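# Descriptive structure summary
Chain by chain, the residues:
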Amino acid sequence: MSHDLADNADHLDKLHGALERDAVDQIRRLLNQTMVPAEVAHALESTPPREREFLWQQIDTETQGEILLYLSEELQTEFLERMSAQDLLTATENLDTDDLADLLQRLPTYSIQQVLDSMEAQERHRVETVLSYPEDTAGGLMDIDSITIRPNITLDVVLRYIRRHDELPHSTDALWVVTRSDVLVGRLYLNELLVSDPGMTVREVMDTEFTRLDAMTPEDEVAQLFERHDLISAPVVNEQGQLLGRITIDDVVDVIRDTAEHTVMSMAGLDEEEDTFAPALRTSRRRAVWLGINLLTAFLASSVIGMFEGTIQKITALAVLMPIVASMGGIAGSQTLTVLIRGIALGHVKGNNIRWLISRELVVGLLNGALWAVVVGLLALVWFDDRMLGIIIALAIIINLIVASLVGTLLPVVLKKLKIDPALSGSVILTTVTDVVGFLSFLGLASLVYLN
């Protein structure tokens, strides 16, 4: 069944219309027969809590598992915590092992154990294998459903072996060649299998030069490898080189999307998984933390202004102009910070090139500082008819833009080494620095000139 954007919007409109009319039969038909899981998940996330709960109750248990995969972590947890172990088993019966493991990690430990105890021994072992690795590593992302073959058999035997399967694991582009002790030695592409002489052995056709992922490889490095080498799937191995599972492109797309959402939301101090329709109390509690941090930094900047209260009282033009200095530094620093965070995320920023980046950003800060110092200085001169005031604000802008460029370059690198997310706290620290340096340089220079 094909679905385009127009169909999605139409189904969502029909669902909302049915909700307004309390047309339960139509709602159930739309949720269970007409709409695909991704559409249903979107509808749930686009609905306030009371209606959302009603919609969830109308969804057949057998399809709830696949719908859960498309929901944000917050909503996944909310629905999972209400499901019994038996309902969860029914809902997730047809899910891939890695998807099931992802869902189970949203549950408390005792609930996970309940679900595992309800499984057959083989399936429980498969899920426990994935659960034994951190969620944000290759081992936590991998799917252990893959087809393995021996290197000494012929391609004809491989073809007959494949035909015995009802279907291949999703996104299968290659078969993995392993020894009797499961050590990965090669990869046989399906297209090579189909066009090669059936009498040839696997060893003659298999590829031995390919990317292998250690189970503890961080997920962002996994995404970079897939992007760099245009991979559809990649094997995951342990320290002994034994095949544990594979990661497919759909898993990597999820990582890339989550990383992008995290970066955007973290800039505002928010959780990328935050529910759009979360209750007011929960939302206000989350946002209050960063508002409080911002208040502390604002008091710090204000205390710097307070140090020069006498100067500002004598020359009121300073009060008018000083926000310009802080604002210019903040924007310049944010530009540098964004470029560095992106570079770190892509794996471009390393210890051997950080010095070059610092030099480049200092030159950029100096050039832009000089350019806009002239512009703002001339405007201040025309506005207040005070040549010295124009020179002071010009110097302050140059100082603040150079400092902003330096801090914007070093800050994400230092935070990353301290294992602090630069996207989450970098902008707050940077804004504080540029405000303080901006006010200090502008008001400090003004005090030296005018009060002396």
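Report follows, based on the coordinates. (Residues numbered from 1 in each chain as written. Predicted model: local features only at pLDDT ≥ 70, side-chain atom pairs only at ≥ 80, totals over all residues. Heavy atoms only, no water.)

### Let's talk about the overall build of the protein
Regarding its fold elements, the protein presents 22 helices and six strands. For 452 residues, the compact-globule estimate of 2.2 N^0.38 gives 22 Å, and the C-alpha radius of gyration of the protein, at 29 Å, exceeds that figure by more than 25%. Taking the principal axes of the C-alpha coordinates as reference, the protein spans close to 95 × 65 × 45 Å. Going through the 452 residues of the protein one by one, you find that 43% of them count as buried. On the protein, roughly 24000 Å² of surface is accessible, and the fraction owed to carbon and sulfur atoms is 57%. Side chains of the protein give 34 positive and 65 negative charges; the mean places of these two sets differ by 5 Å. (Helix = DSSP H or I, 4+ residues; strand = E, 2+ residues; numbered from the N terminus. Rg over C-alpha atoms; globule rule 2.2 N^0.38 Å. Buried < 20%, exposed > 50% of the residue type's maximum accessible area, 1.4 Å probe, protein only. Areas by Shrake-Rupley, 256 points an atom, 1.4 Å probe, with all protein chains shown as cover. Lys, Arg positive; Asp, Glu negative; His and termini not counted. Charge placed at Lys NZ, Arg CZ, Asp CG, Glu CD.)

### Concerning the side chain of T92
By the secondary structure assignment, T92 is in the loop between α7 (85-91) and α8 (97-104). For T92, a relative accessible area of 4% corresponds to the buried category. Once residues lying within four places of it in the same chain are set aside, the contact partners of T92 are G65, L100 and L103. (Contact = heavy atoms within 4.5 Å.)

### Brief notes about the sheet that holds strand β4 (residues 213-214)
With respect to topology, three strands assemble into an open sheet ordered β4-β5-β6, the strand pairing being mixed. Each of the sheet's edge strands pairs with one partner strand only, and the pair in question is β4 and β6 (243-248). Direction of pairing for strand β5 (residues 233-237) relative to β6: antiparallel, over a ladder of five bridges. Among the inter-strand pairings, V236 is bridged to a residue of β6, identified as G245. (Pairing = 2+ DSSP bridges.)

### What to know about the pairing of strand β2 (residues 174-178)
A large share of β2 lies buried, amounting to five of its five residues. Sheet topology places strand β1 (residues 148-149) next to β2; two bridges connect them, and they run parallel. Opposite I149, over in β2, you have V177 as the bridge partner. Regarding topology, helix α12 (residues 155-163) serves as the crossover connection from β1 to the parallel β2, and that connection is right-handed. Here β2 runs beside strand β3 (residues 184-189); their pairing, made up of five bridges, is antiparallel. Pairing of L175 across the sheet is with L188, part of β3. Counted along the chain from β2 to the antiparallel partner β3, the turn is five residues long, and its residue D182 has a positive phi close to 70°. (Right-handed = clockwise from strand over helix to strand, strands pointing away.)

### Observations concerning the environment of D173
Counting through the fold element by element, D173 comes out in the loop between α12 and β2. For D173, a relative accessible area of 16% puts it in the buried group. Along the primary structure D173 and A234 are separated by 61 residues, whereas in three dimensions their C-alpha atoms are 9.8 Å apart. Not counting residues up to four positions away in its chain, the partners in contact with D173 are Y189, L190, I232 and S233. Within the structure, the side chain of D173 is placed 2.5 Å from the side chain of S233, a separation counted as a polar contact. (Polar contact = N/O pair within 3.5 Å; in protein donor to acceptor, adjacent residues only side chain to side chain.)

### Section: the pattern of salt bridges
Per the counting criterion, the structure on display carries 10 salt bridges. We note a salt bridge from R106 to E73, for which the minimum N-O separation is 3.4 Å. One end of the pair, R106, is in the loop between α8 and α9 (109-117); the other, E73, is in helix α6 (residues 73-80), and 33 residues separate them in sequence. Using a relative accessible area of 15% as the deciding quantity, one classes R106 as buried. (Salt bridge = Lys/Arg side-chain N within 4 Å of Asp/Glu carboxyl O.)

### What to know about the sheet that holds β3
In space, the three strands of this open sheet follow the order β1-β2-β3, with mixed pairing throughout. The open sheet has two edge strands with one neighbour each: β1 and β3.

### Here's the deal with a nonpolar patch on the surface
On the surface, M388, I391, L395, I399, L448 and V449 cluster together into a nonpolar patch covering about 490 Å² of accessible area. Breaking the nonpolar patch down by element, the ones donating at least two residues are α21 (387-417) and α22 (422-451). Considering every element that reaches the nonpolar patch, the biggest residue donor is α21, with four residues. (Patch = residues over 30% accessible without salt bridge, like charges linked within 9 Å, V, L, I, M, F, W, Y side chains within 5 Å.)

### Observations concerning the packing of aromatic side chains
We describe a pair of aromatic rings using the distance from one ring centre to the other and the angle between the two ring planes. This model, assessed by the stated rule, comprises three aromatic pairs. Considering the side-chain rings of W176 and F210, the 6.2 Å spacing of their centres and the 45° angle between planes classify their relative orientation as tilted. Of this pair, W176 sits in strand β2 while F210 sits in the loop between α14 (202-205) and β4; the two residues are 34 residues apart in sequence, bridging distant segments of the chain. For W176, a relative accessible area of 1% translates into the label buried. The class of F210 is buried, set by a relative accessible area of 11%. The cationic tip of R212 hangs over the ring face of F210; the distance from NZ or CZ to the ring centre is 4.1 Å. (Phe/Tyr/Trp six-rings, centres within 6.5 Å; stacked < 30°, edge-to-face > 60°. Lys NZ or Arg CZ within 6 Å of the ring centre and 35° of its normal.)

### A short note on the packing of α9 against helix α10 (residues 121-131)
In the contact formed by α9 and α10, the axes pass within 10 Å of each other and the chain directions differ by 150°. In terms of their interaxial angle, α9 and α10 are classed as roughly antiparallel. Mapping the contact onto sequence places I112, L116 and D117 in α9 and R124, V127, E128 and L131 in α10. (Axes fitted to C-alpha atoms, helices over the stretch in contact; angles between N-to-C directions. Parallel < 35°, antiparallel > 145°, perpendicular 65-115°, else oblique.)

### Observations concerning unusual backbone geometry
Backbone geometry places D230, a non-glycine residue, at a positive phi of 50°. In this structure D230 comes out as exposed when scored by relative accessible area, which is 66%. Backbone geometry at D385 places phi at a positive 55°, although glycine is not the residue there. Mapping D385 onto the fold places it in the loop between α20 (354-384) and α21. Overall, the relative accessible area of 69% leaves D385 in the exposed class.

### Quick word on helix α2 (residues 24-34)
Spacing of three or four residues puts side chains on the same side of an α-helix, whose turn is 3.6 residues. All buried positions along α2 are accounted for by I27, L30 and L31. Buried residues of α2 fall within an arc of 85° about the axis and therefore sit on the same side. Along α2, the residues that are exposed and aim more than 90 degrees away from the buried face are D25 and Q33. (Arc of directions from axis to C-beta.)

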